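# Overview (structure and organization)
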Amino acid sequence: TFYNEYKNSLIVVDGGNPDNTEHVRNIINEYGGHVYAWILTHYHPDHVCAFNKIMRDPQGITVENIYASPMDYDEYISVAQYWDIPEDFADFLDVTKDKNVTYLRAGHELTLRDLKVKVYSSYDSDIAAYGDIPNNASLVFKIMGERDSILFCGDIHSAKLADDLIKKWGDELKAEYIQPGHHGNNSIKYSFYDAVEPQIALFDAPEWLMTGEQFKAKALNEYFAGKGVSVYDYTTTPNEFEFK
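Chains are numbered independently. Their residues run from 1 in the order of the written sequence. Selection of residues for local features in this predicted model requires a pLDDT of at least 70, selection of side-chain atom pairs for listing and counting requires 80 or more, and totals for whole chains, interfaces and linings are taken over all residues. Note that the side-chain values use all heavy atoms of the structure and ignore hydrogens as well as water.

Right, let's get into the sheet that holds strand β2 (residues 9-13). Taken in spatial order, the five strands of this open sheet run β1-β2-β3-β4-β5, and their pairing is mixed. Of all strands in the sheet, those bounded by a partner on one side alone are β1 (2-4) and β5 (101-103). Neighbour-to-neighbour, the strand axes of this sheet turn through a mean angle of 15 degrees, independent of strand direction. Strands qualify as paired when DSSP identifies two bridges or more between them. Secondary structure elements are defined from DSSP: runs of H or I of at least 4 residues count as helices, runs of E of at least 2 residues count as strands, and each element is numbered from the N terminus. Two strands pair when backbone bridges link them, and β1 and β2 are joined in this way by three bridges, in the antiparallel orientation. Looking at β2, one finds that Asn 4 is bridged to Ser 9. Lying over the sheet, helix α1 (residues 21-30) contacts β2 and β3 (34-40), oriented at roughly 135 degrees with respect to β3. Here, two residues are considered to be in contact whenever any of their heavy atoms come within 4.5 Å of each other. Between the N-to-C directions of two axes lies an angle of 0 to 180 degrees, each axis being a line fitted to C-alpha atoms and, for a helix, fitted only over the stretch in contact. Contacting β3, β4 (62-68) and β5, helix α4 (residues 86-95) crosses the sheet at an angle of about 130 degrees to β5.

Next up, the structure:
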């Protein structure tokens, strides 16, 4: 979440699983019950389902603007793996059918209050070449203030996609903060993170994912530590930063 205390505006990115709903609802209500902008990176349950449940039963919460990746439902159905739940995307489409939704594509730029946003990757006709829809169809975007910036990588994990992003966007990807792709448990080469040059890495990951020997998040955490990058995850909450 981003909260602008001077303009009383709240931005939410993703939100979590169905059982995260009340936690997300409580946070929104702490900031007045109105979301100025809600950005959904992709349509897996751990990213979109809390949003879906709140939109279906808002209990006074209002959402002004919704931004998402323009996934094609029929293609999603045709390539769905066992971990994919297309019904969650169908639910998203249903709860937003009368809402103000903007589907973002690579190159899209917008302003959210005092913050600027640029999108570097999204769903398009070529995304299937990287495999694993919808993870690799996640929005990859940067939120920028006057001084600080954070690169959100959603759940992308294709090494080729990461390489292509570096080739296409180069230094535009640099950011002080980064949310690593696929919760840090991914196949993205370290060269991608070297290109971003973050000072702080925000892993959307619990302890079992950060420390489990069978997961890649542990190695990425150690790599960041060796580079002097500060790492935060669910075990270090509340993680609060002044973003200027």
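Now that the structure has been shown, the text picks up again.
Ile 28, Trp 38, Leu 40, Phe 51, Met 71 and Phe 92 are the most contacted members of the largest nonpolar core, which totals 27 residues. Of all the secondary-structure elements, those providing two or more residues to this core are β2, α1, β3, α2 (45-56), β4 and α4. Counting residues per element, this core draws most heavily on α2, which supplies six residues. Here Phe 51 is in contact with Trp 38, Leu 40, Ile 66, Phe 92, Val 95 and Thr 96, once residues within four sequence places are set aside. For this analysis, a nonpolar core means a set of buried residues of the types Ala, Val, Leu, Ile, Met, Phe, Trp, Tyr and Cys, connected via side-chain atoms within 4.5 Å. Each residue is placed in one exposure class: buried if its accessible area under a 1.4 Å probe, protein chains only, is under 20% of its type's maximum, exposed if it is over 50%, and partly exposed if it falls in between. Tyr 120, Ala 162, Met 210 and Leu 220 belong to the second-largest nonpolar core, a separate cluster that totals 25 residues.

The next point concerns the pattern of salt bridges. Any carboxyl oxygen of Asp or Glu that lies within 4 Å of a side-chain nitrogen of Lys or Arg is treated as forming a salt bridge with it. Applying the stated criterion to the full structure yields 16 salt bridges. Here Arg 56 and Asp 94 are joined by a salt bridge, their closest N and O atoms 2.9 Å apart. Here Arg 56 is found in helix α2, whereas its partner Asp 94 is found in helix α4, with 38 residues between them in sequence. Two residues, Asp 171 and Lys 174, come together in a salt bridge whose shortest N-O distance is 3.8 Å.

Time to look at the packing of aromatic side chains. The rule is short: rings of Phe, Tyr and Trp, with Trp giving its six-membered ring, pair when the centres are within 6.5 Å, and they are stacked under 30 degrees, edge-to-face over 60, tilted in between. Applying the stated criterion across every chain, the model contains 21 aromatic pairs. Arranged with centres 5.0 Å apart and planes meeting at 50 degrees, the rings of Tyr 43 and Phe 92 form a pair that is tilted. Placement of Tyr 43 in the loop between β3 and α2 and of Phe 92 in helix α4 is noted, with a sequence separation of 49 residues between them. Residue Tyr 43 shares its accessibility class with Phe 92, and that shared class is buried. Taking the centre distance of 4.8 Å and the plane angle of 80 degrees together, the rings of Tyr 82 and Trp 83 count as edge-to-face. Since its relative accessible area comes to 36%, Trp 83 is described here as partly exposed. Here the aromatic cluster, defined as three or more aromatic residues joined through ring pairs, consists of Phe 2, Phe 141, Phe 152, Tyr 177, Tyr 232, Phe 241 and Phe 243. Whether a charge sits over a ring comes down to the Lys NZ or Arg CZ being within 6 Å of the ring centre and within 35 degrees of the ring normal. Between the NZ or CZ atom of Arg 113 and the centre of the ring of Tyr 36, over which it lies, the distance is 3.9 Å.

As a further point, take a nonpolar patch on the surface. Patches in this entry comprise residues that are over 30% relatively accessible and not in a salt bridge; like charges within 9 Å are linked, as are nonpolar side chains (Val, Leu, Ile, Met, Phe, Trp, Tyr) within 5 Å. Each accessible area is a Shrake-Rupley result for a 1.4 Å probe, and residues are judged covered by the shown protein chains and nothing else. A surface patch of nonpolar side chains, about 320 Å² in accessible area, is lined by Tyr 73, Ile 77, Leu 93 and Tyr 103. On the secondary structure map, Tyr 73 appears in helix α3 (residues 73-79). Taking relative accessible area as the criterion, Tyr 73 reaches 30% and is therefore assigned partly exposed.

A few words on the sheet that holds strand β9 (residues 149-152). With respect to topology, seven strands assemble into an open sheet ordered β6-β7-β8-β9-β10-β11-β12, the strand pairing being mixed. A strand with exactly one partner marks an edge of an open sheet, and here the two such strands are β6 (109-112) and β12 (230-232). Direction aside, neighbouring strands of the sheet carry axes that sit 20 degrees apart on average. Sheet analysis places β6 next to strand β7 (residues 115-121), joined by four bridges and oriented antiparallel. Paired with Leu 112 across the two strands is Leu 115, which belongs to β7. Strands in contact with helix α5 (residues 159-169) are β7 and β8 (140-144); relative to β7, the strand with the most contacts, it is inclined by about 120 degrees.

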